[in-house]
Amino acid sequence: MTEKLLICDCAGTFAPDARRLEQATGMRCTRVHTGLCTHQLDSAAKALAEPDADIVIACAQEAETFAALAGDLGRDAPLCVDIRDRAGWSDEGAEALPKMAALLAAARMPREPEKTFDIASEGLCLVAGASGDVLDVAEQLSGALSVTCLLTDTPDILPGVQRGFDIASGRLKSATGAFGAFSVTVEGYRPLEPAGRGALGFGAAGDAVSECDIILDLRGGTPLFPAHEKRDGYLRADPGDPRAVLRAAFDAAQLVGTFEKTLHVRLEESLCAHSRAGQTGCTRCLDACPTGAIRPDGDHVAVDASICAGCGACSSLCPSGAITYDAPPVPETFAAIRTLAAAYHAAGGKTPRLLVHDAGHGREMIALAARMGRGLPADVLPLEVPALAVFGHAEALVALTCGFASVSLLTGPRADRDVLERETLLADTLSDGLGAGAGRVALLDAADPDALSDALYADRPAALEAAPILPLGHRRDAVRLAARALAQGRAADPVPLPAGAPYGAVLVNEDACTLCLSCASLCPSGALSDNPDMPQLLFKEDACLQCGLCAHICPENAITLAPRLDVSDAALQNRVLKEEEPYPCIECGRPFGVRSTIERIVEKLEGRHSMFTNSDNARLIRMCDDCRVRAQYHDDSAPFRMGERPKVRTTDDYLGDESG
């Protein structure tokens, strides 16, 4: 199937070069339109009607127009790519052809479809707040939803029998769950008493637990949930802002039916380093999750997909890859970074910079900067992600080694700031420590579109010399590959990293360590192990997650963690942290323990403990398991020893007794 590119200069406001774009993209491109979405819409219809053509339209603003046109023609909606706001509308628009080619190449990448599940809502809506704020709203919603009003006050006058909703009073104490499956706890719940003449009253007070699909919270004050704006089905508005209340009520009225929710993350429980044997290790995802969608579940964590808002912080912070982002998957993000850089360089571009932004605030900032200001520089390639926290230190290092001179993350008012600062600090520390220089990975805080353009035009970092890589596998694998490429043989010593980094070494106080091997038995990644042939504690640094389980479980407090990244081959090999001479069994000579430990036990017990005084019990300590059992079994004082076994009597014995 032939790929055909339709270009429009948007009423002559920028000048895309059809011939050069055709050469750079390999797509057939015959002309530049001026009003493809208006007076030249017939050109789009003609192209969409071609039976053997795969149409790409270089205009994202009017994607719905072109989708509707394709639907009328019985065709699939075309791929619409924005090269205007992100490239053409710029003070350097004349130099933006390599960027346009890169944006088109990235947009045409194959994508995995998002995994989803269904959420059903029957429209059971709880409206909570003061009577003056909620009763009118409930009346308006009662035609679309099954409404219950929970009043925080007890008014003198209430709606009579003609009302289309239920009323109760009480204090909304807490709520759990998510859209379609909320559970609410109400203190002092008093249902409305509809019987009798005169003013309506309320029944006896009591606590109650109930379920609903939607919560419209007009109480003001403290929200019911952390990061409440990310909790589907929970709509909250300031009762003093009529426009906000109206907007929340409108949104609530739409929440009836069956909805698809994206499965944002994937969990591989066997890789999780949260806990072992009742000891807590890694809690990075639990600490970072803004919605509380992640909870401990034995030795691993569990993710509630109905609560997860897809912020991606858990994926960026997870040291083992147990939690990975899946919408899009991490390998797809790596591929997009690599495709952008490769296409930009192939089209003649030099020293590109990567601008990572989200689909809300970031996209709007770029569009406003393009329409009203200087736009983006020609060497700044925007990469849109579902949420900024999805883009962690691994993605930043991959970008540097794919040819980007710098990586900037455009923050917004709802960005997970703590996670972003932690990940950018880690990425920049690695970049500096590996010899690529500091300042190449940073957060970009811009108060307005003009400030965004000013910051990007002012900062032009030098090109970064690094061997290109093909990022494959998990994020840890990509980080190691990228780090080696950035180092280029320069980094002889491990790079020190900030506290909490997921890479590092385990340091053992050899004087305190008794080689009990508790740490090796609980290490979730196998970084710590033992030698079955002799008393040794082995460590492979590349596998260490810095989860802290070994330090928590060590009875001698002999273990400390050292966050760092060693890119040498030594990190891939087992090295001995502690070893001792084995102790040979005094009976059979087979090594069975650590000499210092056996001798320490003998010293503490022999002649000092009642069970090891004036007896041969001290010899048992010096025996292996098999010899110890044999010695105890054959000992004269063995508790189950019954003497010699009686001789088995035969028929001859009985006959002899009778004859005698």
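Residues numbered from 1 in each chain as written. Predicted model: local features only at pLDDT ≥ 70, side-chain atom pairs only at ≥ 80, totals over all residues. Heavy atoms only, no water.

Chemist: Just checking my understanding: could you explain the overall build of the protein chain for this structure?
Modeler: Each helix and strand in the protein chain was counted, giving 21 helices and 32 strands. Compactness check: the protein chain gives a C-alpha radius of gyration of 35 Å against a globular reference of 26 Å for 660 residues, more than 25% above the reference. The buried share of the protein chain, reckoned over its 660 residues, is 47%. A total accessible area of about 32100 Å² is found for the protein chain, and carbon and sulfur atoms account for 50% of it. Across the protein chain, the mean location of the 62 positive side-chain charges is 3 Å away from that of the 92 negative side-chain charges. (Helix = DSSP H or I, 4+ residues; strand = E, 2+ residues; numbered from the N terminus. Rg over C-alpha atoms; globule rule 2.2 N^0.38 Å. Buried < 20%, exposed > 50% of the residue type's maximum accessible area, 1.4 Å probe, protein only. Areas by Shrake-Rupley, 256 points an atom, 1.4 Å probe, with all protein chains shown as cover. Lys, Arg positive; Asp, Glu negative; His and termini not counted. Charge placed at Lys NZ, Arg CZ, Asp CG, Glu CD.)

Chemist: Just checking my understanding: could you explain helix α15 (residues 475–487) for this structure?
Modeler: What sets the pattern is the α-helix's 3.6 residues per turn: residues three or four places apart point alike. Over its 13 residues, α15 runs 18 Å from end to end, which matches the ideal 18 Å to within 8%, given 1.5 Å per residue. Summarising burial for α15: ten of the 13 residues are buried, a large majority. Residues of α15 that are buried include every one of Arg 475, Arg 476, Ala 478, Val 479, Arg 480, Ala 482, Ala 483, Ala 485, Leu 486 and Ala 487, and no others. Buried residues along α15 sit against α9 (313–317), α10 (330–346), α12 (393–401), α13 (417–433) and β29 (559–565). Just downstream of α15, Gln 488 is the residue with a positive phi angle, here 50 degrees. (Expected span 1.5 Å × (residues − 1). Contact = heavy atoms within 4.5 Å.)

Chemist: Looking at this model, I keep getting lost on the sheet that holds strand β24 (residues 441–444). Mind explaining?
Modeler: Whether parallel or antiparallel, the strands of a sheet pair through hydrogen bonds between backbone atoms. Read across the sheet, four strands follow the order β22-β21-β23-β24 without closing on themselves; strand pairing throughout is parallel. Whereas interior strands pair on both sides, the edge strands pair on one side only; in this sheet they are β22 (380–385) and β24. Averaged over all pairs of adjacent strands, the angle between their axes in this sheet comes to 25 degrees, without regard to strand direction. With six bridges connecting them, strand β21 (residues 353–358) and β22 associate as parallel partners. Paired with Arg 353 across the strands is Val 380, a residue of β22. Across the sheet, α10 lies against β21 and β22, angled at about 160 degrees from β22, the strand it touches most. On top of the sheet, helix α11 (residues 361–372) reaches β21, β22 and β23 (407–410); it is set at about 120 degrees to β21, its chief contact. (Pairing = 2+ DSSP bridges. Axes fitted to C-alpha atoms, helices over the stretch in contact; angles between N-to-C directions.)

Chemist: How should I be thinking about the nonpolar core in this particular structure?
Modeler: Generally speaking, a soluble globular protein has its nonpolar side chains buried in company with each other. Core analysis: the largest hydrophobic core is formed by 71 residues, its most contacted members being Leu 340, Leu 354, Phe 391 and Val 407. Here this core takes eight residues from α10, the largest share from any one element. Excluding residues within four positions of it along the chain, Phe 391 makes contact with Ser 316, Ile 337, Leu 354, Val 356, Leu 383, Ala 396, Val 407 and Leu 409. One finds Cys 149, Ile 214, Leu 235 and Ala 237 within the second-largest nonpolar core, a separate group that totals 28 residues. (Core = buried A, V, L, I, M, F, W, Y, C linked by side-chain atoms within 4.5 Å.)

Chemist: I'm lost on the side chain of Glu 541 in this one. Help?
Modeler: Tracing the backbone shows Glu 541 in the loop between β28 (536–539) and α17 (549–553). When its relative accessible area of 4% is taken as the criterion, Glu 541 is described as buried. At 2.9 Å, the side chain of Glu 541 and the side chain of Arg 564 are in polar contact. In contact with Glu 541, not counting residues within four places along its chain, are Gly 504, Ala 505, Arg 564, Asp 566, Ala 571 and Arg 575. (Polar contact = N/O pair within 3.5 Å; in protein donor to acceptor, adjacent residues only side chain to side chain.)

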